[in-house]
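# Structural features, examined
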Amino acid sequence: MAAAKKALNIRLPPLPSIKDVIRLYKLRALRELSQNFLMEPRLIDKIVRAAGNITGNVICEVGPGPGGITRSIVQQAPRKVILIEKDPRFIPTLELIADACKNNVEMDIITGDILKTDLTTFIPEDTKREWTEPPPPLNLIGNLPFSVSTILIIRWLEMMSKQEGPWAYGRTRMTLTFQKEVAERMAARILSPQRCRLSVMCQNWCNVNYKFDISGAAFLPKPDVDVGVVTLTPLKHPLIKQPFKMVEKVIRQIFSMRQKYSIRGAQTLFPEEVREEMALKMYQMADIDPVTRPFQIANMEFARICEAYNEIIKKYPEFENYDYRAPKIKKVDSDSEKMNAAEESIL
Ligand code: SAM
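For clarity, every value in this text was computed on a predicted model and none was experimentally measured.

### Some points on the confidence of the model for the chain
Considering every residue of the chain, the mean pLDDT works out to 92; 93% of them sit at 70 or more. Taken together, the chains of this predicted complex give a pTM of 0.92 and an interface ipTM of 0.99.

Here is the structure:
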């Protein structure tokens, strides 16, 4: 068995404070990139501590901005830090940190969009572990931009379900920030008013742990909402065995009529002429009461519903591509419209 790691601490040479860096480099926050900077070192350290012992690990940080979290990560003596930042204005401030720790920590600074970056290019092969082993010495950390956080987590869940990207290395853990409301939904258990499709999706593939809140007042500029810090550890065995797209479709339709009996949403998985009969059959096979509301369904019960849906699809493959929304799909062109549409559909 691997020996327990001892947490180390690297003392960086004196650097200007993040506040001074922002002032010196004239880094005005851009709203379109959801730039809200964390200024308080104690809070920043708390986020990094939520990731556990990262000494000797490879860390991918999303959206480092001026580098407040990066500094705290580096002080924990990781083996390598991979930074993905869309805004090139931050490169000099990140290079300042890379230079300060160059004798101790390897650093890759990538100017790019996390939604378009293949992280595997930068992750050393020897971090790989078997899926059923304890998580690999690899962590994803980020004070995520609000504009991409929901779409990113859904994309990452899909990669995780296929054991691709950072999850080709094993059960890679994440420590991420979200708008408080989104974080609460991710962690919401059965019967909670926040329970939604995002809760079931996240909890199907991960152990979701809501760590703590950060008040919006801790950021510069102050966002309109508070923030929640969440850790996600992929499960060895997801509760639902079906492929990601099928799971997403079944759960989306069941939650599509939140206040109604869940079978009403489930009916929309099937064409109109067979809708009532097929949904009832699916609920009988899964042993679910049709008058249950979506937020009253447990994760294991969703697993039984997906299993039953899969059985029905095997018998009637013509239903598989049925899309209730198809005639109503709104054309979205720009990236930001696509993100808004994705966010609306997941919440
Ligand atoms: N980590 C810094 C902190 O905690 O103070 C900044 C966090 S700020 C909320 C989000 C950061 O993500 C910004 O630096 C922004 O430029 C960057 N960002 C926005 N969209 C991005 C994207 N698609 N890919 C990578 N970085 C992005």
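Don't stop here, the text continues.
### Remarks on the sheet that holds strand 3 (residues 80–85)
Pairing is mixed in the open sheet, where seven strands are placed in the order 4-3-2-5-6-9-7. Each of the sheet's edge strands pairs with one partner strand only, and the pair in question is strand 4 (106–111) and strand 7 (206–214). The sheet shows a mean angle of 20 degrees between the axes of neighbouring strands, direction not considered. On top of the sheet, helix 7 (residues 197–205) reaches strand 7 and strand 9 (227–234); it is set at about 120 degrees to strand 7, its chief contact.

### Examining unusual backbone geometry
Cis geometry is adopted by the peptide bond preceding Pro 221, which originates at Leu 220 and carries an omega value of -10 degrees. With respect to the element layout, Pro 221 can be found in the loop between strand 8 (219–220) and strand 9. Within the chain, Ser 34 stands out as a residue other than glycine whose phi angle is a positive 50 degrees. By the secondary structure assignment, Ser 34 is in the loop between helix 1 (18–24) and strand 1 (37–38). Although it is not a glycine, Ala 77 sits at a positive phi angle of roughly 55 degrees. With respect to the helices and strands, Ala 77 occurs in the loop between helix 3 (68–75) and strand 3. The class of Ala 77 is partly exposed, set by 19 C-beta atoms lying within 10 Å.

### Section: the site of the ligand
Contacts to the ligand come from 22 residues, most closely from Phe 37, Gly 63, Gly 65, Asn 143 and Pro 145. Residue assignment for the shell around the ligand shows that the elements contributing at least two residues are strand 1, helix 3 and strand 3. The residue inventory of the shell around the ligand, partitioned by class, reads 11 nonpolar, seven polar and four charged.

### Describing helix 8 (residues 244–254)
Restricting attention to buried positions, one finds in helix 8 the residues Val 247, Glu 248, Val 250, Ile 251, Gln 253 and Ile 254. Those residues of helix 8 that are buried lie in contact with helix 7, helix 9 (262–267) and helix 11 (299–315).

### A look at the UniProt feature "binding site: S-adenosyl-L-methionine" (unreviewed entry) in the chain
Here, the residues flagged by UniProt with the feature "binding site: S-adenosyl-L-methionine" (unreviewed entry) are Asn 36, Leu 38, Gly 63, Glu 85, Asp 113 and Asn 143. Looking at the element boundaries, Glu 85 is found in strand 3. Looking at Glu 85, the number of C-beta atoms within 10 Å reads 25, which means it is buried. Excluding residues that lie within four positions of it along the chain, Glu 85 makes contacts with Gly 63, Pro 64, Gly 65, Phe 90, Leu 94 and Thr 111.

### Concerning the environment of Gly 56
Locating Gly 56 in the fold gives a position in the loop between helix 2 (41–50) and strand 2 (58–62). Looking at Gly 56, the number of C-beta atoms within 10 Å reads 15, which means it is partly exposed. Sequence separation between Gly 56 and Ala 7 is 49 residues, and the spatial gap between their C-alpha atoms is 8.6 Å. Leave out the neighbours within four places in its chain, and Gly 56 touches Lys 5, Pro 78, Arg 79 and Pro 137.

### Things to note about the domain arrangement of the chain
Each assigned domain of the chain is listed here: domain 1 (18–234) and domain 2 (244–319). Between the C-alpha centres of domain 1 and domain 2 there is a distance of 34 Å. The partner domain 2 presents 12 residues to the 12 residues of domain 1 that form the contact. Secondary structure elements with two or more residues in the side of domain 1 that touches domain 2: helix 5 (146–161) and helix 7. By residue class, the composition of the side of domain 1 that touches domain 2 is five nonpolar, four polar and three charged.

### A look at the environment of Gln 179
Within the element layout of this structure, Gln 179 appears in strand 6 (residues 173–179). A tally of 20 C-beta atoms within 10 Å means that Gln 179 is categorised as buried. When the C-alpha positions of Gln 179 and Val 274 are compared, they lie 40 Å apart, and in sequence the two are 95 residues distant. Not counting residues up to four positions away in its chain, the partners in contact with Gln 179 are Phe 146, Val 225 and Val 227.

### Topic: the pairing of strand 5 (residues 138–142)
Among the five residues of strand 5, five are classified as buried, and the element is accordingly described as predominantly covered. Residues of strand 5 alternate between two faces, with Leu 138, Leu 140 and Gly 142 on one and Asn 139 and Ile 141 on the opposite face, all of them buried. Of the pairings in the sheet, the one linking strand 2 to strand 5 comprises five bridges and is parallel in character. When the sheet's bridge partners are listed, Glu 61 is paired in strand 5 with Ile 141. Running through helix 5, the crossover from strand 5 to the neighbouring parallel element strand 6 is right-handed.

Definitions and cut-offs
- Residues numbered from 1 in each chain as written.
- Predicted model: local features only at pLDDT ≥ 70, side-chain atom pairs only at ≥ 80, totals over all residues.
- pLDDT = per-residue confidence, 0-100.
- Pairing = 2+ DSSP bridges.
- Helix = DSSP H or I, 4+ residues; strand = E, 2+ residues; numbered from the N terminus.
- Axes fitted to C-alpha atoms, helices over the stretch in contact; angles between N-to-C directions.
- Contact = placed C-beta atoms within 7 Å.
- Buried ≥ 20, exposed ≤ 12 C-beta atoms within 10 Å, placed from the backbone.
- Near = placed C-beta within 6 Å.
- Nonpolar A, V, L, I, M, F, W, Y, C, P; charged D, E, K, R; others polar.
- UniProt positions renumbered as here; feature names shortened; annotations may be inferred.
- Domains from an automatic or database assignment.
- Right-handed = clockwise from strand over helix to strand, strands pointing away.

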